[in-house]
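Descriptive analysis of the structure
The lines below spell out each chain.
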Amino acid sequence: MSLALVLTGGGARAAYQVGAIQALSEILSDHENPFGVMTGVSAGAINASYLAARAGKFSSSTKGLWDLWAHLDSEKVYRADVGSLTSLGSKWLSSVSLGGITKQANYLLDTQPLRELLQREVPLEQIPLLIKQGKLRGFSVSATNYLSGTAISFYDGVPEIRGWIRSTRMGLRVPLTVEHIMASSAIPVFFPPIEMDGSFYGDGCIRLSSPLSPSIHLGAEKIIAIGIRYFRTQEQTIEINREAKQKEISIADISGVLLNAVFLDSLETDLERLERINSTLGLLTPEQKQNMSNPLRKIPVLTLRPSQDLGRLAQGSLKEFPTLVRYLLRGIGAKENKGWDLLSYLAFEKKYTHQLLDLGYSDTLRRRDEILRFTE
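Summary of the structure given here. The structure displayed is predicted, hence computed values, not measured ones.

One recurring pattern in soluble globular proteins: nonpolar side chains tend to sit buried together. Core analysis: the largest hydrophobic core is formed by 114 residues, its most contacted members being Leu-5, Phe-139 and Phe-191. Looking at which element gives the most residues to this core, the answer is helix H10 (residues 251–281), with 8 residues.

This is the structure:
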């Protein structure tokens, strides 16, 4: 059976996934290669590519991924030195003040350190060999084409997998490179767009409204999806809206809400859609299923979610940022007790990511019996 691991994204919040994956490794210790299909989008593409490039060695690769995040900090993701930030700031200032006469700026932080980290740590060239050896059925990462507005799922897999085309998304078989991972995880405005074959790409979560879709096209028969959205009860939703009062709104507040819309909503919507399809298929007879013009199959899915709001856990993290980045974020309204949703996507600092690693690990261990029943 092809069990798929689906990892959505959200900048530094993806550390939660790593804690969950480490727990999965311990729970599924009898399976050295539990996931034949792996897909990732945004920062989830980083985690998925690390594991896919080591398919067949799940226990050791999960430990390596944990260690990578445990030692991560912002300087290994983006440049925060005086020269880099001053140069980018000058480009933004001249672009705005000179009416676009100069080359226009389109990002705030240089992610060359992340590119170098991926080149060192993610041997993507191993993936075709692992597919031939039968250790991996399919792997994909998704990015948004800024010019067409299409979500492109770049994939590799067994020969029988075919590309797919829908109105706002498509699957394209390519030799996967670090540039595809960089494109998938390029947070809009903050991280630079990635140019590939004459087009510019950004974070896959911008347009991929169906994050479960790539794994299904790659042949998944069951799916474990790890999200980063804390599920609020109706009572909590009412309470948070009652308490949400302030005298002014900052760019940091607005940016946090926009990034939440990009990163948090699509998985929940797609899960609801899949559950409706599964429920409907359960009501059909075998003959009715055979006569469907577009055959569908029932695909069980287990979703792992945070037990706490990952945004609120970022409160107090601003002081951990590099000095100049902290200065920049304060300039758009982020404070120790304000703008934490925005901070949570950029806080690649140990004080924050270690909390997420531990939370993902403990949340998932508590669901041990449920996970074992699901993977039987």
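Between helix H1 (residues 15–27) and helix H3 (residues 58–70), the shortest axis-to-axis distance is 9 Å and the interhelical angle comes to 150°. Between H1 and H3, the crossing angle belongs to the class labelled roughly antiparallel. Pair H1 / H3 crosses with left-handed handedness. Where H1 approaches H3, its residues Ala-15, Val-18, Gly-19, Ile-21, Gln-22, Leu-24 and Ser-25 are matched on the opposing element by Phe-58, Ser-59, Thr-62, Lys-63, Leu-65, Trp-66 and Trp-69. Each residue belonging to the contact of H1 with H3 can be placed in one class, and the counts come to 8 nonpolar, 5 polar and 1 charged.

Here we take up the pairing of strand E1 (residues 3–7). Summarising burial for E1: 5 of the 5 residues are buried, a large majority. Of the two faces of E1, the one carrying Leu-3, Leu-5 and Leu-7 and the one carrying Ala-4 and Val-6 are both buried. In this sheet, strand E8 (residues 222–226) lies alongside E1 in parallel orientation, the contact comprising 5 bridges. From the neighbouring strand, Ala-4 faces E8, where its bridge partner is Ile-223. Where E1 and strand E2 (residues 37–41) come together, 4 bridges link them in parallel fashion. Bridging across to E2, Leu-5 finds its partner in Met-38. After leaving E1, the chain enters H1 and then returns to the sheet as E2, a path that is right-handed.

Now for the pairing of strand E7 (residues 199–203). The buried count for E7 comes to 4 of 5 residues, which makes it a mostly enclosed element. In this sheet, E7 lies alongside strand E6 (residues 194–196) in antiparallel orientation, the contact comprising 3 bridges. Counted as the bridge partner of Ile-194 is Tyr-201 from E7.

Let us look at unusual backbone geometry. Glycine aside, negative phi is the norm for most residues, and most peptide bonds take the trans geometry. Not every positive phi belongs to a glycine, and Ser-42 is a case in point at roughly 60°. Structurally, the position occupied by Ser-42 is in the loop between E2 and helix H2 (43–52). Although it is not a glycine, Val-189 sits at a positive phi angle of roughly 75°. As for its placement among the helices and strands, Val-189 is situated in the loop between helix H7 (178–184) and E6.

Throughout the structure, instances matching the rule amount to 7 aromatic pairs. An angle of 80° between the planes, with centres 6.2 Å apart, marks the rings of Trp-66 and Tyr-361 as edge-to-face. Here Tyr-361 lies in helix H14 (residues 350–365) and Trp-66 lies in helix H3, a separation of 295 residues in the sequence. An angle of 25° between the planes, with centres 5.3 Å apart, marks the rings of Tyr-155 and Trp-164 as stacked. The exposure class of Tyr-155 is buried, given its relative accessible area of 2%. In this structure, Arg-13 packs its charged tip against the face of Tyr-345, placed 4.5 Å from the ring centre. A cation over a ring is seen here: Arg-54 above Tyr-50, with NZ or CZ 3.8 Å from the ring centre.

Another point: helix H12 (residues 323–331). Buried within H12 are the following residues: Val-325, Arg-326 and Leu-329. With its buried residues spanning 100° around the axis, H12 presents them on a single face. Counted as exposed and oriented over 90 degrees from the buried face of H12: Thr-323, Tyr-327 and Gly-331. Looking one or two residues past H12, Gly-333 carries a phi angle of roughly 105°, positive in sign.

Here is what the cut-offs are and how they apply
Residues numbered from 1 in each chain as written. Predicted model: local features only at pLDDT ≥ 70, side-chain atom pairs only at ≥ 80, totals over all residues. Heavy atoms only, no water. Core = buried A, V, L, I, M, F, W, Y, C linked by side-chain atoms within 4.5 Å. Buried < 20%, exposed > 50% of the residue type's maximum accessible area, 1.4 Å probe, protein only. Helix = DSSP H or I, 4+ residues; strand = E, 2+ residues; numbered from the N terminus. Axes fitted to C-alpha atoms, helices over the stretch in contact; angles between N-to-C directions. Parallel < 35°, antiparallel > 145°, perpendicular 65-115°, else oblique. Left-handed = near helix turned anticlockwise from the far one by under 90°. Contact = heavy atoms within 4.5 Å. Nonpolar A, V, L, I, M, F, W, Y, C, P; charged D, E, K, R; others polar. Pairing = 2+ DSSP bridges. Right-handed = clockwise from strand over helix to strand, strands pointing away. Phe/Tyr/Trp six-rings, centres within 6.5 Å; stacked < 30°, edge-to-face > 60°. Lys NZ or Arg CZ within 6 Å of the ring centre and 35° of its normal. Arc of directions from axis to C-beta.

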